Every structure is written in C-alpha cells, then in structure tokens.
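Each chain, written out:
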Amino acid sequence: HEPDTATLVPLDPNARWPQGNAELAGWSTSPDGRCMEYATSEGGSDWRGFYVRDVVTGKDLPDVVRWAKFSGVSWTHDNAGFFYSRFAEPPAGKAISQQVTNQKFYYHKLGTPQARGRPMVNLLPLAHGETISTVMPLGPIQLQDEPGDA
C-alpha cells in the first residue's frame with residue numbers, strides 16, 4: 001500500500017529538533033521519491049550534516065554525512081546514492097575556528113559509512129572562498145558495487 005503523498009509529512013522540524021538548536025538547511029528527494037536527504041545546521045554553524053529518511057516509513061536510515069559547507073546533493077538516477085562536496089573533519093574543538101580549505105567532491109552510496117566515500121574531483125580554491133571544480137578525477141570513477149559493498 002502506497003502512502004497518500006498529499007497528506008504525507010516526511011519531516012517535521014519542530015518534532016525533530018524540539019530544543020530549537022538546529023535548523024533544516026535544505027532537502028532533496030531521490031528520483032523515485034522514496035528517500036529524502038535533508039541537511040541540518042546546528043547552533044547557527046555553516047557546517048551541514050546530511051541525513052537520509054525513508055519517506056514511506058518516516059524513519060531515518062543509518063546514512064549520515066558530516067563536514068559539508070556550501071553544498072547541496074545531487075542524487076544518482078538509480079536512487080543508489082548522491083554526490084556532494086565537503087571538507088576534511090576539523091580537529092576536535094576547532095570546528096568553528098579552523099580555516100576550511102581543500103573542499104572535495106564525493107559520492108555517497110546509501111547504506112555505506114561516510115568513511116568509505118572516495119573523493120571524485122578536487123575543487124580548486126579561488127578568491128573569497130569560491131571554488132571551481134577540476135575535470136581531472138582523483139582516481140577511477142566506479143559507481144558499481146565493489147568487493148565488500150553490501
């Protein structure tokens with residue numbers, strides 16, 4: 001039985017963050033509409049965390065992607081994952097003060113931990129924090145399953 005999407009509320013920010021210390025910073029749905037990626041920002045920070053929710057069940061999947069700034073996501077046509085950009089994790093206690101450099105473009109396959117993600121291309125820094133992507137991949141781009149992928 002398919003849900004009545006006219007009355008479906010996939011995410012209620014007030015219920016998700018009752019303390020009011022986080023905000024819904026963006027969202028997108030997979031091409032088939034079954035999953036919703038949503039970005040959060042906590043305490044007014046520019047840092048974003050990406051989470052994935054099963055729209056049918058209303059439950060979050062275990063997928064969590066952290067350390068994104070100035071990025072949205074772009075889903076693959078097969079609904080298997082999404083592309084995004086992020087920075088390296090800053091040292092403990094330095095998330096606010098650490099200068100961010102070397103933004104990289106990643107692919108996240110649903111059901112895999114962020115640590116298994118591989119950068120796809122470098123984003124070259126320009127003046128005032130802007131970036132431009134190179135066309136040279138950092139390694140082979142293989143989105144199909146690899147040994148050990150579930």
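This text goes with the structure placed above it.
If you're wondering where the values come from, they're calculated on a predicted model, not measured in any experiment.

Before going further, it helps to spend a moment on the nonpolar core. By size, the foremost hydrophobic cluster in this structure holds 12 residues: Cys35, Ala39, Phe50, Val52, Val65, Ala68, Val73, Trp75, Phe82, Tyr84, Tyr106 and Leu110. If you list the elements that add at least two residues to this core, you get strand S2 (35–42), strand S3 (48–54), strand S4 (59–68) and strand S6 (81–86). Dropping the residues within four chain positions of it, Val52 is found in contact with Cys35, Met36, Glu37, Lys59, Asp60, Leu61, Asp63, Trp75, Phe82 and Leu110. Leu11, Tyr38, Tyr51 and Val55 belong to the second largest nonpolar core, which has 5 residues in total.

Sheet strands pair via backbone hydrogen bonds, and the direction of the pair is either parallel or antiparallel. Pairing within the open sheet is antiparallel, and its 4 strands lie in the order S1-S2-S3-S4. This sheet does not close on itself; its edge strands, each paired only once, are strand S1 (22–29) and S4. Averaged over all pairs of adjacent strands, the angle between strand axes in this sheet comes to 25°, irrespective of strand direction.

Before going further, it helps to spend a moment on the packing of aromatic side chains. Two numbers describe a pair of aromatic rings. These are the distance of the centres and the angle of the planes. A complete count under the given rule lists 10 aromatic pairs for this structure. When the centroid spacing of 5.7 Å and the interplanar angle of 20° are considered together, the rings of Tyr84 and Tyr106 count as stacked. On the criterion of sequence distance, the pair formed by Tyr84 in strand S6 and Tyr106 in strand S7 (residues 104–109) is long-range, its members being 22 residues apart. Here Tyr84 matches Tyr106 in class, with each residue buried. In this structure an aromatic cluster arises from ring pairing among Phe50, Trp75, Phe82, Tyr84 and Tyr106. Lying across the ring of Trp47, Lys69 places its NZ or CZ 4.5 Å from the centre. Cation over ring: Arg86 sits above Tyr106, and NZ or CZ is 4.3 Å from the ring centre.

What follows covers the environment of Gly58. Turning to its location among the elements, Gly58 is positioned in the loop between S3 and S4. Residue Gly58 is classed as partly exposed on the basis of its relative accessible area of 31%. In this structure the C-alpha to C-alpha distance between Gly58 and Leu11, which are 47 residues apart in sequence, comes to 7.5 Å.

Our focus in this paragraph is the layout of surface pockets. Here the largest pocket is characterised by a volume of approximately 210 Å³. Of all elements in the fold, only S2, S3 and S4 reach the threshold of two or more residues within the lining of the largest pocket. Here the lining of the largest pocket is built from residues that sort into 5 nonpolar, 4 polar and 3 charged.

Mapped onto the elements, Arg86 comes out in strand S6. The spacing of Arg86 and Arg66 is 20 residues in sequence and 7.8 Å in space, taken between C-alpha atoms. In this structure, Arg86 is in contact with Arg66, Trp67, Ala68, Asn102, Gln103, Lys104, Tyr106 and Gln114, ignoring residues within four places of it in sequence. Within the structure, Arg86 has its side chain in polar contact with the side chain of Tyr106 (distance 3.4 Å).

Okay, the pairing of S6 next. Among the 6 residues of S6, 6 are classified as buried, and the element is accordingly described as predominantly covered. Because side chains alternate across S6, one face comprises the buried residues Gly81, Phe83 and Ser85, and the other comprises Phe82, Tyr84 and Arg86, equally buried. Where strand S5 (residues 74–75) meets S6, 2 bridges bridge the pair, whose relative direction is antiparallel. In the sheet register, Ser74 faces S6, and the bridge partner there is Phe83. Count of turn residues in the S5/S6 antiparallel hairpin: 5 residues, of which Asn79 carries a positive phi of about 65°. Two strands pair when backbone bridges link them, and S6 and S7 are joined in this way by 6 bridges, in the antiparallel orientation. The partner of Gly81 across the bridge, within S7, is Lys109.

Definitions and cut-offs
Residues numbered from 1 in each chain as written. Predicted model: local features only at pLDDT ≥ 70, side-chain atom pairs only at ≥ 80, totals over all residues. Heavy atoms only, no water. Core = buried A, V, L, I, M, F, W, Y, C linked by side-chain atoms within 4.5 Å. Buried < 20%, exposed > 50% of the residue type's maximum accessible area, 1.4 Å probe, protein only. Helix = DSSP H or I, 4+ residues; strand = E, 2+ residues; numbered from the N terminus. Contact = heavy atoms within 4.5 Å. Pairing = 2+ DSSP bridges. Axes fitted to C-alpha atoms, helices over the stretch in contact; angles between N-to-C directions. Phe/Tyr/Trp six-rings, centres within 6.5 Å; stacked < 30°, edge-to-face > 60°. Lys NZ or Arg CZ within 6 Å of the ring centre and 35° of its normal. 1 Å grid on protein atoms, 1.4 Å probe; cavity = no way out; pocket = protein on both sides within 12 Å on 5 of 7 lines; lining within 4 Å. Points joined across faces, edges and corners; volume = space filled by probe spheres on them. Nonpolar A, V, L, I, M, F, W, Y, C, P; charged D, E, K, R; others polar. Polar contact = N/O pair within 3.5 Å; in protein donor to acceptor, adjacent residues only side chain to side chain.

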